[in-house]
Each structure stands twice: as structure tokens, then as C-alpha cells.
Amino acid sequence: MHFESPWAFLLLLAIPAVVYFHYRIRRPALRVSSLMHAVQAGVSLRQRFMAAPLMLRVLALIFLTIALARPQQGRERVHDVSKGVAIEMVVDRSGSMGAEMDFGRQEMNRLEVVKRVFDEFVTGNGKSLRGRPDDLIGLVAFARYPETLCPLTLGHGALPQFLKNVEVAQRKEEDGTAIGDAIGLAAARLKTAEEELARQSKDKPKEYQIKSKIMILLTDGQHNAGKRDPMEAAALAAEWGIKIYTIGVGGDESESFMQTPLGRIPMGIAAPLDERTLKAIASKTGGVYRRADDAASLRDVYAEIDQLEKTEIEAVRYLDYREWFAPFALAALLCLAVEIVLQSTVLRRFP
Amino acid sequence: MIPKELAKKVRYIEIYTNKAVNDVLAGEYQSVFKGRGMEFDEVREYQPGDEVRTIDWNVTARMGRPFVKRYREERELTIMFLVDLSASGAFGSLKMTKNEVATELCALLAFSAIKNNDKTGLIIFTDTLEMYIPPKKGASHVLRVIRDLLAFTPRQTQTNINEGLDYLGRVTNKRSVVFLVSDFIGEGYEKSMRMLSKRHDLIAVSVSDPREYRLPNAGLMEWEDAETGQRVLIDTSSPAVRKRYEQLGHERAQKLKDLFASMGVDHIDIRTDRDHVKDVLLFFRRRERRL
């Protein structure tokens with residue numbers, strides 16, 4: 001907790017003045033001939049509480065001063081980002097991604113596991129993955145056709161929402177695995193993003209700079225759709241300086257399912273994982289190929305990529321604060337209200 | 001008070017008290033204030049029934065027969081009003097303040113004094129001497145006394161009864177009837193009063209307001225002492241406080257009464273919620289019975 005405008009505490013100096021004037025101001029009084037009996041007549045219980053309104057008023061002033069000083073609590077650490085890696089996540093959402101996979105002790109479909117681990121990769125899970133707060137992250141999903149779900153962005157808060165929208169392809173006509181097209185789209189995205197930033201940094205040199213561009217391609221099948229050949233696309237990426245990490249998910253025995261209103265219908269063994277192509281893509285662009293059969297191994301793969309694509313943290317500063325004046329202002333209001341109520345009811349004076 | 005209003009007030013008091021003097025108090029005054037000072041009247045022969053004490057032995061020896069000396073009561077009296085106009089008197093919970101009641105009472109007695117052709121004087125005091133009007137005869141003088149009493153604005157607020165008593169002791173040697181009108185909210189006046197009561201016919205008139213004896217239930221009240229300006233907060237809705245206040249008030253009244261009795265000083269208890277004519281009448285009757 002810290003105070004944004006500590007000068008407001010100077011107002012506390014006014015409190016002695018308030019107390020002083022409270023006692024000095026001549027309130028109306030009834031002039032009587034003598035006080036000798038009134039003084040001796042004793043003090044009732046209510047009279048003992050006569051100081052309460054003043055105390056409440058002083059309390060209210062203290063609370064108001066604290067509220068004015070703007071107490072704040074740093075909520076979100078924001079790194080001073082001026083350099084980072086552009087990461088384009090390319091996820092396969094073909095029908096075979098609906099197959100079950102271990103996630104801890106639970107069984108979950110592959111796509112779901114991938115989404116969760118990816119989220120951990122971006123925001124960090126406190127253990128092996130430290131998060132990628134400084135990096136531009138984008139999301140491309142593909143089945144028969146690739147599509148950009150989330151453009152490259154630093155605002156990672158929006159990612160979970162985009163991830164939620166990624167679903168296993170349901171219809172036959174959109175099912176497929178267009179690895180080549182996906183790589184092409186992601187590579188184009190990375191390139192335009194870099195160009196855009198380069199143009200901006202010409203005007204303002206302090207702007208964000210892309211240190212390197214990488215793509216994480218995650219698939220469980222074989223290229224079988226689209227116009228572009230994967231190797232062709234990889235060559236294009238290599239030419240643009242994009243590193244591609246490839247992850248193969250699931251075993252050879254992976255089954256694909258189709259979601260129908262009657263339930264999940266097994267669609268037979270799908271095309272097996274094309275490890276050879278994935279390895280080739282990785283080696284061509286300077287990335288690595290890893291295979292993940294369950295959540296733990298997938299996490300390990302991401303941890304490895306995390307390590308390989310390390311970015312040094314420059315400075316951490318707090319940008320976003322939570323303002324805490326409201327409880328103090330409320331307390332002050334409450335004190336004032338109680339004071340007024342007391343003074344106009346139980347502790348009301350006459351005249 | 002502006003003069004017109006003042007004249008009206010004086011006129012009102014004159015009429016009101018005249019009525020009381022001629023009606024309710026008719027004759028009472030004279031019978032009560034017989035002059036104590038004796039004036040030699042005559043020497044006449046002793047008759048059976050005459051007091052043996054009164055025999056004038058010189059004349060008896062010369063004449064060979066017993067003679068008694070006759071005295072005449074001095075009918076002409078000097079009435080002095082010692083009025084305390086301190087700020088504590090500016091309090092009244094009913095239509096008149098204590099000072100106003102005191103003024104009216106003085107007027108009443110002063111008009112009674114006209115009937116008897118007595119001299120009337122006035123001393124107004126607070127904690128100093130505020131005003132002195134030497135005793136004089138005549139209705140116009142009495143009216144002046146009343147007007148001055150009504151129009152007077154005291155310079156000081158506090159009470160020192162000794163000031164008035166001592167001043168009277170200095171300015172007059174002649175035995176007079178002294179009405180000491182005050183609320184007796186003050187201290188240390190007992191000794192002077194005792195001394196004065198030996199030389200003069202001292203009558204203590206204590207003025208009080210019912211609120212000095214009883215508190216209304218009016219919640220928390222801020223009170224200011226009219227004399228000292230001191231303030232106090234009193235909870236009039238507390239039964240304990242009200243009871244204690246009432247008890248203290250009555251104790252004080254009783255103490256005053258006892259004090260005056262111990263000095264042998266007559267006492268008229270005037271209250272703002274009572275008709276003071278009746279009080280004066282009662283006092284006259286009481287005194288008459290005693291004489």
C-alpha cells in the first residue's frame with residue numbers, strides 16, 4: 001500500500017483546529033441565574049457520551065484525509081517492454097484433436113489439454129513455465145482451412161477468451177489438416193506485424209521491437225489439405241527469419257471422433273502423426289521437434305521452448321493500481337452520518 | 001427602554017400598586033411599620049394601669065405626685081430599598097424576570113410609603129454600588145425612584161451584597177426600614193447583614209423563579225451563568241438529575257430561611273410565578289401578629 005498524494009496528510013494539522021473551535025465557538029445557551037445547583041446535580045449517562053460526536057467528526061476527518069491521500073495497492077506488475085519475441089501459436093483443431101488425453105488424473109480431449117497448457121505457457125504456472133509477459137502472442141487455428149483467432153498482441157488478458165473459441169472441427173467439410181496453409185498464414189502474420197512495428201518505430205524509436213519471430217506448430221496428423229505444401233511454407237518462413245517449433249501430439253493409435261447429437265462416434269484410426277515432415281520443418285527453420293503424449297510431456301515441451309526463447313526482463317514497474325480510497329471515504333461518511341444522527345436524536349442539545 | 005414605554009410602565013405600576021395599596025393593603029402598612037424611634041410627647045399624672053417603668057422620677061420628686069412620661073411613636077419613617085440588579089435577576093421562566101418582579105415589589109412598597117408620608121430612598125447594587133437616591137418625601141420622588149429602578153441598566157453583572165449593605169451603613173445613621181431585595185445568589189453577606197439588622201429594621205426579600213427549584217424534562221440543555229458566563233451541560237431528562245436539582249433548590253431555600261430567622265430578620269419570599277401582592281400582604285399580617 002502506498003499513498004499517491006501524501007501531501008494530503010497535511011490536512012491532519014487541521015484537526016487540532018477543529019477540536020479547538022468545537023470548544024471555542026459559543027453555542028447558544030440558556031442564560032440562567034445560577035449554575036450552582038446544575039453543577040452539583042450530577043452527570044447522567046448520556047452526558048458522558050457528549051464527546052462522541054466530536055470524536056466521530058475527527059475520525060471522519062482522518063478517514064477523509066486518508067481517502068484524499070489516495071491509498072493504492074499495486075495490482076499488476078507490468079514489465080517495461082521494449083523488446084520481445086513474436087510468438088504465433090498454430091493449433092491443429094482437426095477432428096482427431098477430439099481424442100482423449102491424460103491431463104493430470106483426468107481424461108480430456110487433446111485440444112482442451114493443448115489450450116490449457118498454452119494458457120499456462122503465456123501467463124505462467126508458477127513452476128516450470130514462467131509466462132511470457134513481454135512477448136507478442138498470436139493464435140492461429142487450423143483444420144482444413146487456417147484462421148487467425150487472435151492477432152499478435154501484448155494484451156494477454158484477452159487470450160483465454162480467444163482460446164475458448166477454439167473448438168474441434170465438427171463438420172466433415174471443414175475437417176482436415178492443412179499444415180502448409182497454416183504455416184503460411186502464421187508466417188505472413190508475423191511478417192506483417194514486424195513490418196508494422198518497424199514502420200511505427202521509425203516515428204517513435206522507443207516503441208516495441210521484435211527481437212525474433214517464432215511459430216509453435218502443434219498438430220496430431222498429416223498434411224492432407226490446402227494449397228501449400230508444408231515444406232514449401234517452411235522454406236518461406238525460413239526465408240523471413242521465422243523459427244518453427246513443431247510439437248507432435250498423441251500416439252499413432254489415435255482415433256478420431258465425430259460429435260453428433262447421438263453422441264461421439266469413433267471415426268476409425270486417423271492418419272498417423274507425420275513426424276518426418278514435422279522434424280524437417282523444424283530443422284529447416286532452426287527450430288526443434290518434440291513429441292508430447294500427455295499433459296506433462298506437453299508442458300515439458302513448452303518449458304523447453306520457454307528456455308530456448310528466453311527474453312531478459314529489463315525493468316519491472318507497477319502500472320496498474322487498485323485505488324483504496326473508497327472504504328475510507330465510506331468510513332468517513334458513516335462516521336459523519338452517525339455523528340449527525342446522534343446529535344439530532346440522543347445527544348440533541350437545547351437550545 | 002425608550003422613555004414612552006418607560007412612562008407607560010411607570011404609569012401601569014402606579015395604577016396597579018395604587019389599587020393594591022388602597023384595596024388589599026389598605027391600612028396594613030401603617031399598622032406594621034410603627035416607628036421604633038420614640039418622640040417625647042408629654043408628661044402626665046400617673047394613672048393606675050400605667051407601666052411603672054415609664055414613671056419619670058425627676059418630675060415625680062418635684063411635684064410630689066407620680067408622673068409618667070409619654071412618648072409618641074415617630075410616624076415618619078425612612079424606607080430604604082436595597083435592590084440587587086445583578087445579571088442573575090435577568091432570568092424568568094414566566095412573564096416577568098426576577099428583576100422586574102423585584103421592581104414591582106419595590107414600587108408597591110414605595111406607594112404604600114406615600115400614604116404614610118415616609119421618606120423613600122434607593123440603593124441599586126451589583127458587585128459595586130450602581131446608584132444611590134437619598135431618601136426624600138413625596139409622591140413625585142417615589143415616582144422618580146420607580147422610574148430609575150425600571151430604566152436602570154447595571155454596569156456590572158456579578159453580585160456582592162456587601163457593597164449595598166456597607167454603603168447603606170455609611171450613608172445613613174438614622175434608623176430606617178431597609179428592604180434588601182435580592183436573589184441572594186452570592187456569598188459572604190451574612191456578617192454585614194447581621195450588623196445592619198442591629199441598627200435598622202432589615203427585611204430580606206428573596207426573589208426566585210420556579211425553575212430554580214424544579215427542572216422541566218427538556219433533554220440536554222446548555223446553560224450559561226448570567227453572571228460569570230460559565231457554561232454547563234445538564235441532562236434535564238435524567239430523573240436522577242432532576243431530583244437532585246429539586247432537592248438542592250429546596251435545601252437552599254430552607255437554608256436562606258433559617259439564616260434570616262437566626263438573624264432575626266424578617267423575610268418575604270417572592271416568586272415570579274406568584275402574585276407578590278399576596279406575599280406582601282401575608283408578610284404584613286405575620287408582622288402585625290408579632291408586634
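Look up: the structure comes first, before these words.
Residues numbered from 1 in each chain as written. Chains lettered and ligands numbered in written order. Predicted model: local features only at pLDDT ≥ 70, side-chain atom pairs only at ≥ 80, totals over all residues.

Chemist: An account of the overall build of chain A is needed here, citing residue identities and associated values.
Modeler: Tallying secondary structure elements over chain A gives 11 helices and 15 strands in all. Every one of the 351 residues in chain A was classed for burial, and the buried ones make up 36%. Taking the contacts inside chain A whose residues are at least 6 apart along the sequence as the reference set, 81% of them involve residues at least 24 apart. (Helix = DSSP H or I, 4+ residues; strand = E, 2+ residues; numbered from the N terminus. Buried ≥ 20, exposed ≤ 12 C-beta atoms within 10 Å, placed from the backbone. Contact = placed C-beta atoms within 7 Å.)

Chemist: Tell me about helix α5 (residues 110–123) of chain A, residues and numbers included.
Modeler: Residue and element names in this part refer to chain A. Compared with the 20 Å implied by 1.5 Å per residue over 14 residues, the 20 Å span of α5 between its first and last C-alpha is a close match. Along α5, the residues that are buried comprise Arg110, Leu111, Glu112, Val113, Val114, Lys115, Val117, Phe118, Glu120, Phe121 and Val122. In the segment just after α5, Gly124 is the residue with positive phi, at about 90 degrees. (Expected span 1.5 Å × (residues − 1).)

Chemist: Please give an account of the pairing of strand β7 (residues 201–208) of chain B that cites residues and values.
Modeler: Residue and element names in this part refer to chain B. Most of β7 is tucked away: seven of the eight residues are buried. Relative to β7, strand β6 (residues 177–182) runs parallel, the two sharing six bridges. Across the sheet, the residue bridging to Phe179 is Ile203, located in β7. This β-α-β element, β6 to helix α7 (residues 190–199) to β7, shows right-handed connectivity. The pairing of β7 with strand β10 (residues 266–271) spans six bridges and is parallel. Paired with Ser206 across the two strands is Asp269, which belongs to β10. (Pairing = 2+ DSSP bridges. Right-handed = clockwise from strand over helix to strand, strands pointing away.)

Chemist: Talk me through the interface of chain B and chain A; I want residue IDs and the actual numbers.
Modeler: The partner chain A presents 22 residues to the 30 residues of chain B that form the contact. Elements with a minimum of two residues in the side of chain B that touches chain A: β8 (220–225), β9 (231–235) and α8 (239–263) of chain B. Classifying every residue of the side of chain B that touches chain A gives 14 nonpolar, six polar and 10 charged. (Nonpolar A, V, L, I, M, F, W, Y, C, P; charged D, E, K, R; others polar.)

Chemist: So what about the sheet that holds strand β3 (residues 78–84) of chain B? Which residues, and what values?
Modeler: Strands in a sheet are paired, the pairing made by backbone hydrogen bonds, and the direction either parallel or antiparallel. All names here are of chain B. Strand order in the open sheet formed by six strands is β5-β4-β3-β6-β7-β10, and the pairing between neighbours is mixed. On the outer flanks of this sheet lie β5 (129–136) and β10, each paired with one strand and no other. Between one strand axis and the next, the sheet turns through 15 degrees on average, direction left out of account. Examined bridge by bridge, strand β4 (residues 119–125) and β5 share five bridges and lie antiparallel to one another. Bridge assignment links Leu122 to a residue of β5, and that residue is Ile133. Contacts between helix α4 (residues 98–115) and the sheet are confined to β3, β4, β6, β7 and β10, with β3 contributing the most and set at about 175 degrees to the helix. (Axes fitted to C-alpha atoms, helices over the stretch in contact; angles between N-to-C directions.)

Chemist: Describe the packing of helix α1 (residues 3–22) of chain B against helix α5 (residues 139–151) of chain B, with residues and values.
Modeler: All names here are of chain B. Contact geometry for α1 and α5: axes closest at 10 Å, N-to-C directions at 125 degrees. Considering their axes alone, α1 and α5 lie oblique with respect to each other. Relative to α5, α1 is oriented so that their crossing is right-handed. Contacts between α1 and α5 pair Leu6, Lys9, Val10 and Ile13 from the former with Leu143, Ile146, Arg147, Leu150 and Ala151 from the latter. Here the residues of the contact of α1 with α5 sort into seven nonpolar, no polar and two charged. (Parallel < 35°, antiparallel > 145°, perpendicular 65-115°, else oblique. Left-handed = near helix turned anticlockwise from the far one by under 90°.)

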